[in-house]
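Read off the chains here:
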Amino acid sequence: MSVSLPERREPGMPDDLRRAIERGEMSVLYQPQLFLETGRAAGAEALVRWEHPERGPIPPERFIPLAEESGEILDLGRWVLERACEQAALWQRELPGSGLKVGVNVSVLQLEHPGFPGALAGVLRSTGAAPEGIVLEITESSLLEHESRVAEALWRIRRSGVMLAVDDFGTGYSSLSYLDRFPVDYIKVDRSLVRRIETNGERTVSLLEALVVFAHSLKMRVVAEGVETPGQLETLRGIRCDIGQGVLFSGPLPAAGAGAFLAEHLPGDPP
């Protein structure tokens, strides 16, 4: 059994993170999502990036845990939510009737904060974003580990019109039994499970197909993350997976580039 050693923290990182937003080092990119059956734009996921002036790009898997440990995730999460809602409102004005959704990752620390639902409502009001155009994404493991503490917040948020997604499905518990206890609209299948389509064959495909059937029976849509190859795309279409996200379509883009991509993939009427 292997034991992972704790990551060595670089000196000054917590202080640098604390000042990163005010120094303009943070940015938000948007990775487009497409309906797999039609190729039509479904929306985009907002992804925060940190460009440190001396250390260079710092990946989210390094600074997000630090932000959660230090409590900075509350300010950082609020900032990302504001940027994403501003962008969603802009696309709603520029592409009326498109039904585009903008996904935003939220930390369990945000959901546990008693003021979060009210703060979310305030951001929606100030930006003019329609609630139904925002999808808050929470990881499967966080949802189950903190079920009793976040359930009420999730129901309040969903009643406001904002949609909810279970992110990283397939990396942890992956028990379908909990899905009817939360007001979930989307299940996001983790890229590691999508990657196994071509390495594990029929077993993985059968698992994904069962998930799609189950989700559809609960009126949920399934999003496949990390779609990288035509073979994965063909299989996902074959099992009626709803939406795909991955470099086969587009990597993360600045807002203007993402908007252009989405506009190019909006022919005809919404599905």
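Cut-offs and rules
Residues numbered from 1 in each chain as written. Predicted model: local features only at pLDDT ≥ 70, side-chain atom pairs only at ≥ 80, totals over all residues. Heavy atoms only, no water. Core = buried A, V, L, I, M, F, W, Y, C linked by side-chain atoms within 4.5 Å. Buried < 20%, exposed > 50% of the residue type's maximum accessible area, 1.4 Å probe, protein only. Helix = DSSP H or I, 4+ residues; strand = E, 2+ residues; numbered from the N terminus. Contact = heavy atoms within 4.5 Å. pLDDT = per-residue confidence, 0-100.

Q: Sorry if this is basic, but what is going on with the nonpolar core here?
A: Generally speaking, nonpolar side chains in soluble globular proteins are found buried as a group. Counting residues in each nonpolar core, the largest one holds 77 residues, and the members touching the most others are M26, L76, L136 and L236. Residue contributions to this core peak at 10 residues, all from helix α3 (residues 73-94). When near neighbours in sequence (up to four residues on either side) are disregarded, M26 contacts L17, A20, I21, V48, R49, W50, F63, L76 and W79. Formed by eight residues, the second largest nonpolar core is a distinct cluster that contains F35, M163, A165 and I243.

Q: Sorry if this is basic, but what is going on with the confidence of the model for the chain here?
A: Close reading of the predicted structure is inappropriate where its pLDDT is low. The pLDDT averaged across the chain works out to 89; a share of 93% of its residues lies at or above 70. A low-confidence stretch, residues 1-8 stays under pLDDT 50, and its non-local contacts, those more than four residues away or across chains, total one contact.

Q: Sorry if this is basic, but what is going on with unusual backbone geometry here?
A: The bulk of non-glycine residues show a negative phi, and the bulk of peptide bonds are trans. Look at D168: it is not a glycine, yet its phi comes out positive at around 60 degrees. Looking at where D168 falls in the secondary structure, it is placed in strand β6 (residues 163-169). With a relative accessible area of 23%, D168 lands in the partly exposed category. Look at R240: it is not a glycine, yet its phi comes out positive at around 70 degrees. You can see R240 is positioned in the loop between α10 (230-238) and β9 (243-245). Take R240: its relative accessible area is 58%, and that puts it in the exposed class.

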